[in-house]
Structures are given as structure tokens and as C-alpha cells.
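# Chains, contacts and geometry: an overview
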Amino acid sequence: MQFLVSDLEREPIQFSVALPADAIGYGGEAEQLGDLAAEGRAEVLHEHRGPKEIVADIRLKGSFRGEFQIPCARCVEPVDLPLTGEFDLLFRPSDVDATGSEHAISTPETEIGYYDNGGLALEDVLREQVLLSLPARTLCQTDCKGLCPRCGVNRNETACSCDTGPSDPRWEALADLSSRIKN
């Protein structure tokens, strides 16, 4: 769904969509299960930057909810995760703030996005919001044993018969450190 400034100039647009699982790609970070429901409102806000310069910003306010699968951080098995979120975002034309040189931005400017070609795609916004909503680390269970570093077997499903093997000789100087600390 595309929000064009020319359409939003006439009137704000209320949206309520259910995007199928193949509508948005999340890379290897997550896989969408079923529809991603999103609803909200898109409108144009006119930013006056002087007597003759008016910038057409797009404000997108809404919410989303959907079911996702993400890999366990230890064993890489899929973990089902329901996600919901709300957003209130401001986008301005990408060429408005372009200058020939680099400059420092203020804290409020870090929360402004940019759009190209006179419009903004809802799918791009939702992709970003979903990825930002993902937890930093997800486990399939709190006591997940992970994968064996030697043979790669999932130690939650199969007992691994790999021995610990010889240790790296560079660590031998620290091998008995724990016994010396306790004494």
C-alpha cells in the first residue's frame, strides 16, 4: 500500500490491511506466519520553514499484530512469537534536508524518516517496525542446551557423545586458577 502526498493532500487516509506472509521479506531475522494485520491513519503535515518554504511531511500513526517464527539463539529451532506494536512516525522528503556537507543532527531529528518519489510504502514501515519489535535474544526453552560445537547435533534432542577434546594450550596457564582462588 502506497501513501502518496498528492492523495494525502486531499484528505487523510484510514487504513486497515491484512498483509499475507509473502508480502514482506524480513531476511533471516523472522518468518511471518499468517497475515500481518495493520491499521491506522496517514496524513500530511505542513512544516513551515519560512515565508515561502513549506515541506509536506507524512505522519503515519497505527498499530500492527501478527504471528512470527524466529530462530532460537542456541539451537536454531524455530520459536513461535506473537508480536504487536504501535507506531507514530514522521517522514519528510529525502531531498529537503540534503546538504553538500555533513552536519550534526539533534535528538528530535533522529526520529524522522524520509520518503522518496512523493510517497511512502506501508510495507517498508511495517518491516522496520516488526524488526525493531523482535527481542534481542529468544530461546526455545529457558534451559536450552544448544548445538554441539563439534558435531552440530541439537543437544536438546540427542545426547552428544563428543568428548571435550584437548584444550587449547594457550589456556593451560589459567587451568587451575579456580582452585587457587578458593584457597
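Remember, it's a predicted structure, so these values are computed and weren't measured experimentally.

## Overview of the overall build of the protein chain
If you tally the helices and strands in the protein chain, you get 3 helices and 7 strands. Listing every helix and strand of the protein chain by position from the N terminus yields β-α-β-β-β-β-β-β-α-α. Out of the 183 residues in the protein chain, the part that is buried amounts to 31%. For the protein chain, the share of sequence-separated contacts (at least 6 apart) that also reach a separation of at least 24 residues comes to 59%. In the structure as shown, the protein chain presents an accessible area of about 12,100 Å², 50% of it carried by carbon and sulfur atoms.

## Overview of the nonpolar core
By size, the foremost hydrophobic cluster in this structure holds 31 residues, and its most contacted members are L36, L60, F64, F87, F91 and L126. Only α1 (5–10), β2 (13–19), β3 (31–48), β4 (54–71), β5 (78–93) and α2 (122–133) provide two or more residues apiece to this core. Considering each element in turn, this core owes the most residues, 6 residues, to β4. Residues within four places of F64 in sequence aside, it is in contact with L36, A37, A38, L83, T84, G85, F87, L126, Q129, V130 and S133.

## Overview of the pattern of salt bridges
Enumeration according to the criterion identifies 7 salt bridges in this entry. With a closest N to O distance of 3.6 Å, E43 and R41 form a salt bridge. Residue R41 is classed as partly exposed on the basis of its relative accessible area, which comes to 34%. Where R92 meets E47, a salt bridge forms, and the shortest distance between an N and an O atom there is 2.9 Å. Of this pair, R92 sits in strand β5 while E47 sits in strand β3, and the two are 45 residues apart along the sequence. The exposure class of R92 is buried, given its relative accessible area of 7%. You can call E47 partly exposed: its relative accessible area is 21%. Put simply, R41, E43, R59 and D88 are held in one network by salt bridges that share partners.

What counts and how
- Residues numbered from 1 in each chain as written.
- Predicted model: local features only at pLDDT ≥ 70, side-chain atom pairs only at ≥ 80, totals over all residues.
- Heavy atoms only, no water.
- Helix = DSSP H or I, 4+ residues; strand = E, 2+ residues; numbered from the N terminus.
- Buried < 20%, exposed > 50% of the residue type's maximum accessible area, 1.4 Å probe, protein only.
- Contact = heavy atoms within 4.5 Å.
- Areas by Shrake-Rupley, 256 points an atom, 1.4 Å probe, with all protein chains shown as cover.
- Core = buried A, V, L, I, M, F, W, Y, C linked by side-chain atoms within 4.5 Å.
- Salt bridge = Lys/Arg side-chain N within 4 Å of Asp/Glu carboxyl O.

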